[in-house]
Amino acid sequence: MVQSRQSGILVFQKKNKEIIWSGIVTGKIKVVIGARSALFLPFKKLGLIIVDEEHDQSYKQDEGVIYNARDMAISRASFENIPVNLITAVPSVETFQNIKKKKYKLSKLENRYQNASLPNYEIIDLNNAKMEKQSWISNEIIEKVNIHLKKKDQILFFLNRRGFSPNVLCKKCYDTFSCPNCSINLVYHKIRGNLLCHYCGYKTHLEKNCKKDGKCDFIFSGPGVERISEEVKKKFPNKIVEIFSSDTMNKKSSKDKLEKITNNEIEILVGTQLISKGFHFPNLNCIVVIDIDLSSNGHDLRSAEKNLQLYHQLSGRAGRTGKSATIYFQSYNINNNMISDITNKNPENFLEKEIRIRKINNLPPFQRFISLILTGDNENKLEKEALRFKLFLENKICGKILGPVNAPIFRLKRKYRVRLLIRGLKTLKLQNSLAKLIPKYKFTSGIKLSVDVDPISFN
Ligand SMILES: [Zn+2]
Ligand SMILES: [Zn+2]
């Protein structure tokens, strides 16, 4: 919960918790602005729930008690018999389907704030661009950005990857750095001077004894925002450049930085998707997407939807005060349909298409998916257990069980992970039968099960 005492708003910290709880119980507090956990507060007479950015995947809590706070808000509103407002620029496919089925009523804002027009889009074909080695910004972009800079437009270079480089490889022995706890490459963070696992937080130094001789000699393949920021500083040497990612914006200094960005004291930003989250930067009129990465990882049925939402929301950061704004997409794959979907001013075209694909293939929201993830220390024991568990469930539930397969991230936080996927009709029968069965199964010690109904992540 937000902000300071001066504005009469209390932050939901330990010392304020009591005041907030009693204020809610007695009905003294009339409005609560909260994160996921606010849904569990003991409201006395709740009248309305508003879910902002309803499509946002972070409503799903993936660890501990797995739930989707958006769906929980809808359920709570239904129990209390009160309205719930879902707010979004690009609805999730589930919500869009509910609008089509007339389960939800739709209200549209036809104009942007202060009647600003939507940004223009330009696609830069990297196949024809001559670029130096270890460079990711084309000459065409440099020219265009210079024109924007002359007009005092703020520039954002967007790349959704933290750190300096996601792949570190020894020239001599070809060894890479991977996390000892997870089956994941470590990301090199040059500013902090270490390699970091983005999943478990494991850290190490950039130094290794080489299998060939002496110390390893590293090359970095691929960029993160830190590396792009180095290139930007080289190409625009007199400009003030700042990185905008969870590594640079989580600290106390971030308030100061936000003020500087708003006042146009920072000329060029290099940012991750953190910047797409609802910030208002009045001078931001040029966004360069370094490489529009639309490579859908085959296991994620929502990757097209996620991309559309991300780039739409990113576009929404530009041209917010009425000046003309342009988003440039650098890409090697300019024939991708996804680019035309993203640049289409009407996201409903994409959603209609996506609904058709999901329907033909019996995917959510037309079927229910339930992920069963088994984790354990011993790979062999885990695989056997997963098979045994599948046999136990099979023919006893109203759904089809796929798997077991190794999870795309096979090892996470020192545990091996195996997945089963249940596909079934969208009736409560499936969940109920599963809820009755699971307690009757005795797992071998050391093996844990997580059940994820309507999974968002398939990692
Ligand atoms: Zn790790
Ligand atoms: Zn080596």
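Residues numbered from 1 in each chain as written. Chains lettered and ligands numbered in written order. Predicted model: local features only at pLDDT ≥ 70, side-chain atom pairs only at ≥ 80, totals over all residues. Heavy atoms only, no water.

Asker: Describe the overall build of the chain, and please don't skip the residues or the numbers.
Answerer: When its secondary structure is counted, the chain shows 11 helices and 19 strands. Principal-axis analysis of the C-alpha atoms places the extent of the chain at approximately 65 × 65 × 50 Å. The proportion of buried residues among the 459 residues of the chain is 43%. Element-wise, carbon and sulfur atoms account for 51% of the exposed surface of the chain, whose accessible area totals about 25,300 Å². Mean positive and mean negative side-chain charge positions of the chain (77 and 45 charges, respectively) differ by 6 Å. (Helix = DSSP H or I, 4+ residues; strand = E, 2+ residues; numbered from the N terminus. Buried < 20%, exposed > 50% of the residue type's maximum accessible area, 1.4 Å probe, protein only. Areas by Shrake-Rupley, 256 points an atom, 1.4 Å probe, with all protein chains shown as cover. Lys, Arg positive; Asp, Glu negative; His and termini not counted. Charge placed at Lys NZ, Arg CZ, Asp CG, Glu CD.)

Asker: How would you sum up the pattern of salt bridges? Please name residues and give values.
Answerer: All told, the structure shown has 27 salt bridges when counted by the stated rule. R70 is paired through a salt bridge with D71; the nearest N and O atoms lie 3.0 Å apart. One salt bridge connects K415 with D377, and the closest N-O pair in it is separated by 3.0 Å. With a gap of 38 residues between them, K415 in strand β18 (residues 415-424) and D377 in the loop between β16 (368-376) and α10 (379-393) connect regions that are remote in the sequence. If you follow the salt bridges from partner to partner, you end up with E54, R70 and D71 in one network. (Salt bridge = Lys/Arg side-chain N within 4 Å of Asp/Glu carboxyl O.)

Asker: I'd love a proper account of unusual backbone geometry, names of residues and values included.
Answerer: Cis peptide bonds are those with omega within 30 degrees of zero, and the linkage from P364 to P365 qualifies with 10 degrees. Looking at the secondary structure, you find P365 in the loop between α9 (348-360) and β16. With an omega dihedral of 5 degrees, the bond running from G403 to P404 counts as a cis peptide bond. Mapping P404 onto the fold places it in strand β17 (residues 399-412). Of note in the backbone geometry, N395 takes a positive phi value of approximately 65 degrees without being a glycine. Of note, N395 is situated in the loop between α10 and β17. Overall, N395 belongs to the exposed group, its relative accessible area being 77%.

Asker: Run through the packing of helix α7 (residues 303-315) against α9, naming residues and quoting values.
Answerer: In the contact formed by α7 and α9, the axes pass within 11 Å of each other and the chain directions differ by 170 degrees. The angle between α7 and α9 falls in the class roughly antiparallel. Across the interface between the two elements, A304, E305 and L308 from α7 touch F350, E354 and R358 from α9. Residues that form the contact of α7 with α9 fall into these classes: three nonpolar, no polar and three charged. (Axes fitted to C-alpha atoms, helices over the stretch in contact; angles between N-to-C directions. Parallel < 35°, antiparallel > 145°, perpendicular 65-115°, else oblique. Contact = heavy atoms within 4.5 Å. Nonpolar A, V, L, I, M, F, W, Y, C, P; charged D, E, K, R; others polar.)

Asker: Describe the coordination of the zinc ion (ligand 1), with residues and values.
Answerer: At the metal site, the zinc ion (ligand 1) is ligated by C179 (SG), C182 (SG), C197 (SG) and C200 (SG), and these contacts range over 2.2 to 2.3 Å. One can describe the site at the zinc ion (ligand 1) as tetrahedral: its four donor atoms subtend angles covering 101 to 115 degrees at the metal. On the primary sequence, the residues serving as donors to the zinc ion (ligand 1) are separated as C-x2-C-x14-C-x2-C. Of this pair, C182 sits in the loop between β7 (167-170) and β8 (187-189) while C200 sits in the loop between β9 (194-196) and β10 (203-204), and the two are 18 residues apart along the sequence. Taking relative accessible area as the criterion, C182 reaches 3% and is therefore assigned buried. (Donors = N, O, S within 2.8 Å, 3.2 Å for Na, K, Ca; no water. Tetrahedral: all angles 85-135°; square planar, octahedral: opposite > 155°, others 65-115°.)

No statement about biological role is implied by the geometric values presented.
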